[in-house]
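This is what each chain is made of:
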Amino acid sequence: MAEQASIASATVTGEGVRRRDFINIAAVSVAGVGGLAVLYPLISQMAPSADVLAESSTEIDISAIATGMAIKAMWRKQPVFVRNLTPEEIKSAEKVDVTSLRDPQTIEERTKAGKTNWLITMGVCTHLGCVPLGAGEGEVKGEFGGYFCPCHGSVYDTAARIRKGPAPKNLEVPPYEFSSDTVVKIG
Amino acid sequence: MVRLFGPLVGLFFAVALFWSFGNGAYNAITQPTPATVEAEFHKHPKEISFSFDGPFGTFDRAQLQRGFKIYQEVCSNCHSLKQVAFRDLAALGYKEPEIKAIAKNWGNKAQTFDPKTGDRGERPNLPADHFPPVYYAGQGAPPDLSLITKARHGGGQYVYSLLTGYAEQAGYKNEKGEELLKKFPDAKTPDGLYFNPYFANLNLAMPAPLASDGQVTYSDGTTATVDQMARDVSAFLTWTAEPKLDKRKQTGWPVLGFLIFATVLAYLAKRNIWADKH
Amino acid sequence: MSFPWANEYKPVHPFMRYLDERLPLPRFVYNAVGGGYPVPRNLNYMWNFGVLAGVALVLQIVTGVVLAMHYAANAGVAFDSVEHIMRDVNWGWMLRYAHANGASMFFIVVYTHIFRGFFYSSYKAPREMIWLLGVVIFLLMMATAFMGYVLPWGQMSFWGAKVITGLFSAIPLIGTPLQQWLLGGFAPDNAALNRFFSLHFLLPFVILGVIVLHVWALHIPGSSNPTGVEVKQESDTVPFHPYYTAKDGFGLGLFLILYTILVFFAPNLLGHPDNYIPANPMSTPAHIVPEWYFWPFYAILRAFTSDFFFIPAKLMGVLAMFSAILVWFFLPWLDTGPVRSGHYRPLFRKFFYLLVIDVLVLGYCGGAPAAEPYVMISQIASMYYFLHFLVILPIVSSIETPQPLPFSITEAVLGKDEHAVLSATSPAVA
């Protein structure tokens, strides 16, 4: 548009042309800046709204989870696995050579000190986001005794670390803390 | 065709309208509409000013906190505020622990339902929760107050006027000096209702909620006169209805400034381009 | 399709040349709203409103699509979802106020555009088709605006839906079943809300399509102009771009300033407080009125208070309200005067101004309570409205003696036109 406008005012010579061109270019540029500014709210409106951000913590009662059992809770509309590990499961996780893992982490790094039996992870496979099996009663735990994702065959061990299959990372440990011995606050 | 039927259709409507007009005029003369007590005695809201009036006005947070206290201690006994969440109180200047405490100690608890057992129960409110609904079994239907100032002509002025406008009906006169009960003896306020000329039909089920000075104790030391309390809660309810008022005006000014600048430039460019064509 | 002296599109960049051979879209745009469209050089600011209406439609579509990402068309949650937009969605308050006030801006612009057409008789041959399509756009806009106002599911939404669909119940025999079919029930509820949402989303795109036809039809004879004298020669025109893009840019700036003032400083000025009360089928607001842009037609609807022979008042009102717009379709054949522009039609001009006042009076009465004196005033004003279009216009256009027209647009602008001297022997015809 500025180019066209300059053609239109080309009949005027010398300094006049430059000053006039400048105004036309400035007008078009300012309009462009305005158009870009309008994009900001139009894009920003799709980001999580205040009510979604506000529901970012959830409390879970873990008193009823017996050793060897697990439950699925919901946090940010996604499943969280809360698992009460048996001593054998902890041992089998400790036995693994950490350096041989795809995503090297010890079970201590993945649990809270003194509460190593409580394995709390997201129930979201790090491959493409399916919910792995193994937390519900009677579900397949996979060959490493942890979780097994049926979508693309990722297998997690008893510390929910990736051992086999396409997933790149261990199941994510969400931020959490023990409000008491029986209540965990996630988020 | 059009020039033949057009005028006929036009005359048809005109005659039908004239017929309606004639009937209306005849009725207006033979049976004039009787004056109604609402038309003669209803009053428009008092003209008071608020900190958020006008294009530069903003909320006074201290006032909003005082108004919230009035809502909490007085209004919330009967009126819901269900569009507002506890977390929104951050805009009034409350810090997160304060908001948590307000939510947790709120008299009405959040309702819970366990879909497995079918048990219903309650739990303390969390900051993410909206103010729980208030169920009112008595006479009248107290409206939800979230949007009340946007849902009434006059907004905050209306709420203030209603709260301070209760009057004794016996001997009540309007600006013209006519006495209500003499002019409309049948319009006596029924038992259980209260006379208030700022209310649409003059009688409402709510007794004056702000009855005496000092009904609420303000923590910031402001003297809690009835007038002050009414102003504060009206300001608070303006905030509940339009929480983005401050941000709206703050955004508006730069946008307007930019547009004026751009329009002046556009004008110069237009004149420039047209210079050789006039 | 265009004048012989129109600039030809000449792509410079090799890619643009390639594109021009495969898909000549840039050529199409250039010929439609670029340097390839010669436009009379004497257009005044009244000719800005067509482009502004297009911009207003785009603004409505953009804000509307975005609002639809957050709105829930369910009678149980619609009201709360609008409040969710106002309180929690990022910039949601601004987008909703922009959409609500955008509708008003759209109607302000379109009413100006229509009355420009009335004054300059833009509907006359060879531009009847542009006018007819324009009336179709206006009808679609009214339907869209009405259904949009129902979506927040406040008191005015609910009762507006009930009253307007109730108009159809005035039709003999099929009226009540028709109303129930429109609503999908006996009163507005979930079914009605959902279909209104669906259609409210669809119709703007239909409007967009009709606008394409409207502009297409415009490009056949080219734009009209304030003198009403047709383009005769190259000196009568300038290319649309940059001349009218620049002028429209300035007009757009003024439009946006007014829009901004409404959105940021008086967002509820044109709304109604009752629509912030959730819909309640058990209680009608004391004073129900549609949005301001429907007031003139609402006044005509309410003006019929007595049965007329065997026709019930209700049916008369409905017939008259629809006829008030349908009559515009016949305008090109009701006003048959040879001269277009109101500048050269002294008698016509007086009646035009009377019509403007009449419609403003109707608008005022339509927004006022259904009580005297407003009903009687709106009866008189409605009477004039119909007489103006159906009786006065045909008479005025046949008896009036127009003032002399300039020979050409060039003469009107520059005061002289050398061609006029050359062709002085042939009479100047509009």
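One can find the structure itself at the top, above this paragraph.
What counts, and at which threshold
Residues numbered from 1 in each chain as written. Chains lettered and ligands numbered in written order. Predicted model: local features only at pLDDT ≥ 70, side-chain atom pairs only at ≥ 80, totals over all residues. Heavy atoms only, no water. Core = buried A, V, L, I, M, F, W, Y, C linked by side-chain atoms within 4.5 Å. Buried < 20%, exposed > 50% of the residue type's maximum accessible area, 1.4 Å probe, protein only. Helix = DSSP H or I, 4+ residues; strand = E, 2+ residues; numbered from the N terminus. Domains from an automatic or database assignment. Contact = heavy atoms within 4.5 Å. Pairing = 2+ DSSP bridges. Disulfide = S-S within 2.5 Å. Patch = residues over 30% accessible without salt bridge, like charges linked within 9 Å, V, L, I, M, F, W, Y side chains within 5 Å. Areas by Shrake-Rupley, 256 points an atom, 1.4 Å probe, with all protein chains shown as cover. Salt bridge = Lys/Arg side-chain N within 4 Å of Asp/Glu carboxyl O. Phe/Tyr/Trp six-rings, centres within 6.5 Å; stacked < 30°, edge-to-face > 60°. Lys NZ or Arg CZ within 6 Å of the ring centre and 35° of its normal. Axes fitted to C-alpha atoms, helices over the stretch in contact; angles between N-to-C directions. Buried area = accessible area lost by both parts, 1.4 Å probe. Polar contact = N/O pair within 3.5 Å; in protein donor to acceptor, adjacent residues only side chain to side chain. Nonpolar A, V, L, I, M, F, W, Y, C, P; charged D, E, K, R; others polar. Parallel < 35°, antiparallel > 145°, perpendicular 65-115°, else oblique. Left-handed = near helix turned anticlockwise from the far one by under 90°.

Engineer: It is not clear to me how the nonpolar core should be interpreted in this structure. Could you clarify?
Structural biologist: As a rule of thumb, nonpolar side chains are buried together in soluble globular proteins. Counting 130 residues, the largest nonpolar core has Phe118(C), Phe138(C), Phe297(C), Trp328(C), Tyr385(C) and Phe389(C) as its most contacted members. No other element matches helix α5 (residues 92–119) of chain C, which puts 16 residues into this core. Split by domain, this core shows at least three residues from each of two domains, domain 1 (37–284 + 400–422) and domain 2 (289–341 + 354–398) of chain C. The contacts of Phe389(C), once residues within four sequence positions are left out, are Phe118(C), Val327(C), Trp328(C), Leu331(C), Leu334(C), Leu355(C) and Pro394(C). Listed in part, the 44 residues of the second largest apolar core include Phe68(B), Leu81(B), Val159(B) and Trp239(B).

Engineer: How should I be thinking about the pairing of strand β2 (residues 120–123) of chain B in this particular structure?
Structural biologist: Regular strands place side chains that alternate from one sheet face to the opposite one. Residue and element names in this part refer to chain B. As paired strands, strand β1 (residues 110–113) and β2 are joined by four bridges and run antiparallel to one another. Residue Phe 113 lies in a different strand from β2, and its bridge partner there is Arg 120. As consecutive antiparallel partners, β1 and β2 are separated by six residues, and within that stretch Gly 118 has a phi angle of approximately 80°, a positive value.

Engineer: Help me understand the state of the cysteines in this model?
Structural biologist: A disulfide bridge is the covalent bond that connects two cysteines by way of their sulfur atoms. In total, this model carries one disulfide over all chains according to the counting rule given. With a sulfur-sulfur separation of 2.1 Å, Cys130(A) is cross-linked through a disulfide to Cys151(A). One disulfide, between Cys130(A) and Cys151(A), carries an S-S torsion of -105° and so falls in the left-handed class. In this pair, Cys130(A) sits in the loop between β4 (118–122) and β5 (145–149) while Cys151(A) sits in the loop between β5 and β6 (154–157), placing the two residues 21 residues apart along the sequence. By relative accessible area, which is 38% here, Cys151(A) ends up partly exposed. Its sulfur unpaired, Cys149(A) is 3.8 Å from the next cysteine sulfur, which belongs to Cys125(A). Overall, Cys149(A) belongs to the buried group, its relative accessible area being 2%. Unpaired in this structure, Cys78(B) has its nearest cysteine sulfur neighbour in Cys75(B), at a distance of 9.0 Å. Cys78(B) sits in the partly exposed class, given a relative accessible area of 26%.

Engineer: Honestly, a nonpolar patch on the surface in this entry has me stumped. Any pointers?
Structural biologist: Together, Met46(A), Val65(C), Met69(C), Phe201(C), Phe205(C) and Leu208(C) make up an exposed nonpolar region whose accessible area comes to about 530 Å². Top contributing element to the nonpolar patch by residue count: helix α9 (residues 190–219) of chain C, with three residues. Along the polypeptide, Met69(C) turns up in the loop between α3 (49–68) and α4 (78–87).

Engineer: What is the right way to look at the packing of aromatic side chains in this model?
Structural biologist: Throughout the structure, instances matching the rule amount to 71 aromatic pairs over all chains. The side chain of Arg83(A) reaches across the aromatic face of Tyr147(A), ending 4.9 Å from its centre. Positioned above the aromatic ring of Tyr218(B) is the side chain of Arg66(B), whose terminal nitrogen or guanidinium carbon lies 5.7 Å from the ring centre.

Engineer: Would you explain the sheet that holds strand β2 (residues 70–75) of chain A in this entry?
Structural biologist: Within a sheet, each strand pairs with its neighbour through backbone hydrogen bonds, oriented either parallel or antiparallel. Residues and elements named next belong to chain A. Taken in spatial order, the three strands make up an open sheet running β2-β3-β4, and their pairing is antiparallel. Strand pairing shows two members of the sheet lacking a second neighbour, β2 and β4, which therefore form its edges. Across this sheet, the average inter-strand angle for adjacent strands is 25°, counted without regard to direction. Bridge count between strand β3 (residues 78–84) and β4: five bridges; the pairing is antiparallel. Bridge pairing in β4 links Arg 83 to Leu 119.

Engineer: Hey, could you run me through the side chain of Ser104(C) in this one?
Structural biologist: In this structure, Ser104(C) sits in helix α5. Dropping the residues within four chain positions of it, Ser104(C) is found in contact with Leu270(C), Trp292(C) and Tyr293(C).

Engineer: It is not clear to me how the interface of chain B and chain A should be interpreted in this structure. Could you clarify?
Structural biologist: Often, the extent of an interface is quoted as the loss of accessible area upon association of its parts. Between chain B and chain A, the contact holds 13 residues from the first and 16 residues from the second. Of the roughly 1,100 Å² buried between chain B and chain A, counting both surfaces, carbon and sulfur atoms make up 70%. Where chain B touches chain A, the interface holds zero salt bridges. Where chain B meets chain A, there are one residue pair in polar contact (both at pLDDT 80 or more). Here the residues of the side of chain B that touches chain A are counted per class, giving 10 nonpolar, one polar and two charged.

Engineer: Explain the packing of helix α7 (residues 155–168) of chain C against helix α8 (residues 175–183) of chain C here, please?
Structural biologist: How two helices pack is summed up by the angle between their axes together with the distance between the axes. All names here are of chain C. Where α7 meets α8, the axes come as close as 7 Å, and the angle between the chain directions of the two elements is 140°. The pairing of α7 with α8 is recorded here as oblique in orientation. In this structure, the crossing between α7 and α8 has a hand that is right-handed. Where α7 approaches α8, its residues Lys 162, Thr 165, Gly 166 and Phe 168 are matched on the opposing element by Gly 175, Leu 178, Gln 179, Leu 182 and Leu 183. The class makeup of the residues in the contact of α7 with α8 is four nonpolar, four polar and one charged.

Engineer: Even after reading the chapter, I still don't get the interface of chain C and chain B, so can you show me in this structure?
Structural biologist: On the chain B side, the residues contacting the 64 residues of chain C number 53 residues. Both sides of the chain C and chain B interface together cover about 5,100 Å² of buried area, and 73% of this is carbon and sulfur. Our count for the contact surface shared by chain C and chain B stands at one salt bridge. At the boundary of chain C with chain B, the tally comes to 14 residue pairs in polar contact (both at pLDDT 80 or more).

Engineer: I keep staring at the pattern of salt bridges and nothing clicks. Help me out?
Structural biologist: Once their charged atoms are close, side chains differing in charge can pair, the charge on each being opposite to the other. On inspection of all chains with the given rule, the structure shows 30 salt bridges over all chains. Here Arg87(B) makes a salt bridge to Asp88(C), at a shortest N to O gap of 3.1 Å. On the criterion of chain membership, the pair formed by Arg87(B) in the loop between α3 (61–73) and α4 (96–105) and Asp88(C) in the loop between α4 and α5 is interchain, its members lying in two chains. As far as the burial class goes, Arg87(B) and Asp88(C) line up, both buried. A salt bridge links Glu242(B) to Arg248(B), with the nearest nitrogen and oxygen atoms 2.3 Å apart. Across the pair, Arg248(B) and Glu242(B) agree in class, each one buried. The network of salt bridges with common partners includes Glu40(B), Lys176(B), Glu178(B) and Lys183(B).

Everything listed is a geometric property; what it means functionally is a separate question.
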